[in-house]
Amino acid sequence: MNPPETATAATESELDPKLAEREAIKDINSDYATKFGFNDPETGYVYKAPKGLSRKLVEDISEYKDEPQWMREFRLKALDHFLSRPVPQWGADLNQIDFDDIHYFVRASEKAEHSWDDVPDDIKNTFDKLGIPEAERDFLAGVGAQYESEVVYHQVNEKLEAQGVQFMDMDTALREHEDVIREHFATVIPENDNMLAALNSAVWSGGSFVYVPKGVKVDMPLQAYFRINTENMGQFERTLIIADEDSDVHYIEGCTAPVYSTDSLHSAVVELIARPGARIRYTTVQNWSQNVFNLVTKRATAAERATVEWVDCNLGSKVTMKYPSIYLLGEEAHGEILSIAFAGEGQHQDAGGKIIHAAPKTTSSIFAKSISKDGGRSTYRGLLEVAKGAEQVRSKVVCDALLLDEQSRSDTYPTIRIDESDANVGHEASVSKIGEEQLFYLQSHGLDEEEASKMIVNGFIEPVVKELPMEYAVELNRLIELQMEGSIG
Amino acid sequence: MSTHTVCKSEELPEGEKRIVEVDGAKIGVFNAGGELYAIEDRCSHDDGPLAEGNFDPAACTVECPRHGSMFDLSSGRPKTLPAFAPVETYEVSVVDGEIKLEVD
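A brief structural summary. Residues take numbers from 1 onward in each chain, read along the sequence in its written order. Chain letters and ligand numbers both follow the written order, the letters beginning at A and the numbers at 1. Residue-level local features of this predicted model are given only where pLDDT is at least 70; pairs of side-chain atoms are given and counted only at 80 or more, and the full residue set underlies all totals for whole chains, interfaces and linings. Note that water and hydrogens are dropped before the side-chain values are worked out from all heavy atoms of the structure.

Some points on the overall build of chain A
Next up, step 1: Summing up its helical and strand segments, chain A has 14 helices and 24 strands in all.
Next up, step 2: What the globule rule says is 2.2 Å times the number of residues to the power 0.38, and the radius of gyration is computed from C-alpha atoms. Against the compact-globule benchmark of 23 Å for 489 residues, chain A has a radius of gyration of 23 Å, which places it among compact chains.
Next up, step 3: When the backbone C-alpha atoms are referred to their principal axes, chain A occupies close to 70 × 65 × 45 Å.
Next up, step 4: Whether a residue is buried, partly exposed or exposed follows from its accessible area with a 1.4 Å probe, protein chains only, as a fraction of its type maximum: under 20%, in between, or over 50%, in that order. Here chain A, with 489 residues, has 59% of them falling under the buried criterion.
Next up, step 5: When the accessible surface of chain A is split by element, carbon and sulfur atoms take 48% of a total near 19900 Å².
Next up, step 6: By the counting rule applied here, Lys and Arg register as positive and Asp and Glu as negative, while His and the ends of each chain are not counted. Charged groups are reduced to one reference atom each: NZ for lysine, CZ for arginine, CG for aspartic acid, CD for glutamic acid. For chain A, the distance from the average site of its 48 positive side-chain charges to the average site of its 84 negative ones is 4 Å. The secondary structure listing takes helices from DSSP runs of H or I that are at least 4 residues long and strands from runs of E that are at least 2 residues long, numbered from the N terminus. Using a 1.4 Å probe, the Shrake-Rupley method yields the accessible areas, and only the shown protein chains count as cover for residues.

Here it is, written out as structure tokens:
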């Protein structure tokens, strides 16, 4: 008897990898609007603040969350900083943001649940469609899911909990570990570090708090997923990760939003503290819809022998300005920044990284890759600093840009400041186009022009993609292929 | 080492600060709970003015008005980023009712 037809098809694709790959690519032909760009009804929302920013709104958020007085004062001080600062006139054009046309706080659900079954149906369906519960079952050690302003689901596996690993949303952390939060909050990124950090500090909500005790190695990654659903939304999460001595943790964040004709704003603050001998890897796959301004401040400190790695992939958003930084404060600390930016039509990816060598025998590398097509603009903006007293430093900065057509643009602004004579610093930069010769060579081997272009792009970003966990590397390749669809001809 | 007069001690009560210029360099003098402290008026992050920032006598800190680094007044060390290098501190004392500053 013949097996059912579907079973036959599955077997064929399993046997033929090329067929399987084609099926996978076919599957991603659906555009962003279908896959990530859907939106859900707002029925059941608990609270939606009217548009606009005011002292009363900040006080209301604090009161709503029943925060201690010091946090309320912190928010109000940050608001004053934000209001007194001009919009930055360097980098991307931020003058187009209407700060009065944003909902600064939207609560979709009463509290962060520990079981997906308790999450309201519409929200649960969204995360089901995005594959989060499935990923949690398969390869994650813990998951936080933020929907609008607050975290709606949070869970960490029992083994890690037993080892003393803390992984919770920031609002809960402030309630349950107020002393720890007060001691470390805003010590890496003060509330008036810059205008957007000040805005985040005034209206922050959600985000993750992670503490990994001494010597504990978290084998599987922790993940946070951020979803904006409503129109004209501002999402301002706040994340703090403390890796105690000789511990090891990998944290991954992803994000998407519906496609709207009006703009939304995402402005996060992320602080990492790696104590002696610890290692933190922080991976971002940023895939906001192209109506989101993504203006994020990320900074880490690394004590002696500690390692911090930022793996930063920027595919979505209208405008991104983000320069993850690492302060190497202790001897033999190590920092790495791997950055990919993909700028398509109407997008400006202004990304890069900063490494500050503030102690002797510290080492670092920055690898930044950008791809621009259909008039998109990508910018590398970076800083490498070797401070006085930081002897025997070694560092390498490589920034490569790939332009896929005549209309696209790439800019590179690398700053290097060295105050010690024995520093060993290398800097390479390149800008290239997809060459006729490369295309001709691949086409002569049977690929069509689009496949050949995809292959060249995949080869270009491969050094960064290979650093991602397999599941994310596959997803990133798919997303880039999706962005590449129809880019030729 | 040279000694400079800042002001009469009653002119700098608890919780107050004063910025003085010595040989072209600006120095902030602070009275935190009756203890006197002096640090250079320059943030080690980007060389901007420091002493005009928020002074917290209880915590014995001053906060850089430009990017928010918090400096400990007794040691000159930053307690928060983006500054990571300490700033200069100076000996300060009261002699015959006047606040005196020792500068190298």
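Anyway, onward from the coordinates.
Re the environment of A:Gln235
All names here are of chain A.
Next up, step 1: By secondary structure assignment, the location of Gln-235 is in strand β8 (residues 234–235).
Next up, step 2: We classify Gln-235 as buried; its relative accessible area is 0%.
Next up, step 3: Working rule for contacts: check all heavy atoms of both residues, and any pair within 4.5 Å makes them a contact. Once you skip the residues sitting within four places of it in the chain, Gln-235 turns out to touch Gln-146, Glu-148, Phe-226, Arg-227, Ile-228, Leu-265, His-266, Ser-267 and Trp-288.

What to know about the nonpolar core
If you look at soluble globular proteins, the nonpolar side chains tend to sit buried side by side.
Residues and elements named next belong to chain A.
Next up, step 1: Judged by nonpolar contacts, the single largest core of 94 residues is most densely connected at Phe-127, Tyr-251, Leu-272 and Trp-310.
Next up, step 2: Those residues in contact with Phe-127 that sit more than four places away from it in its chain are Trp-116, Ile-132, Pro-133, Ala-145, Gln-146, Tyr-147, Val-152, Tyr-225 and Arg-227.
Next up, step 3: We define the nonpolar core as a collection of buried residues of types Ala, Val, Leu, Ile, Met, Phe, Trp, Tyr and Cys that are connected through side-chain atoms lying within 4.5 Å of one another. Counting 29 residues, the second-largest nonpolar core is a separate cluster that includes Phe-82, Ala-198, Leu-199 and Phe-236.

Looking at the interface of chain B and chain A
Next up, step 1: Listed per partner, the contact involves 12 residues of chain B and 18 residues of chain A.
Next up, step 2: Any Lys or Arg side-chain nitrogen located within 4 Å of an Asp or Glu carboxyl oxygen qualifies as a salt bridge. On the surface where chain B and chain A come into contact, there are 1 salt bridge.
Next up, step 3: A salt bridge links B:Glu63 to A:Lys77, with the shortest nitrogen-to-oxygen separation between them at 2.6 Å.
Next up, step 4: Polar contact is the term for a pair of N or O atoms within 3.5 Å; when the atoms are in protein, one must be able to donate a hydrogen and the other to accept it, and sequence-neighboring residues count only if both atoms are side-chain atoms. Put simply, chain B and chain A have 4 residue pairs in polar contact (both at pLDDT 80 or more) between them.
Next up, step 5: Residues that form the side of chain B that touches chain A fall into these classes: 5 nonpolar, 5 polar and 2 charged. Note on residue categories: nonpolar means Ala, Val, Leu, Ile, Met, Phe, Trp, Tyr, Cys or Pro, charged means Asp, Glu, Lys or Arg, and polar means any other residue, Gly included.

Honestly, that's just the spatial picture; any functional story needs more than this.
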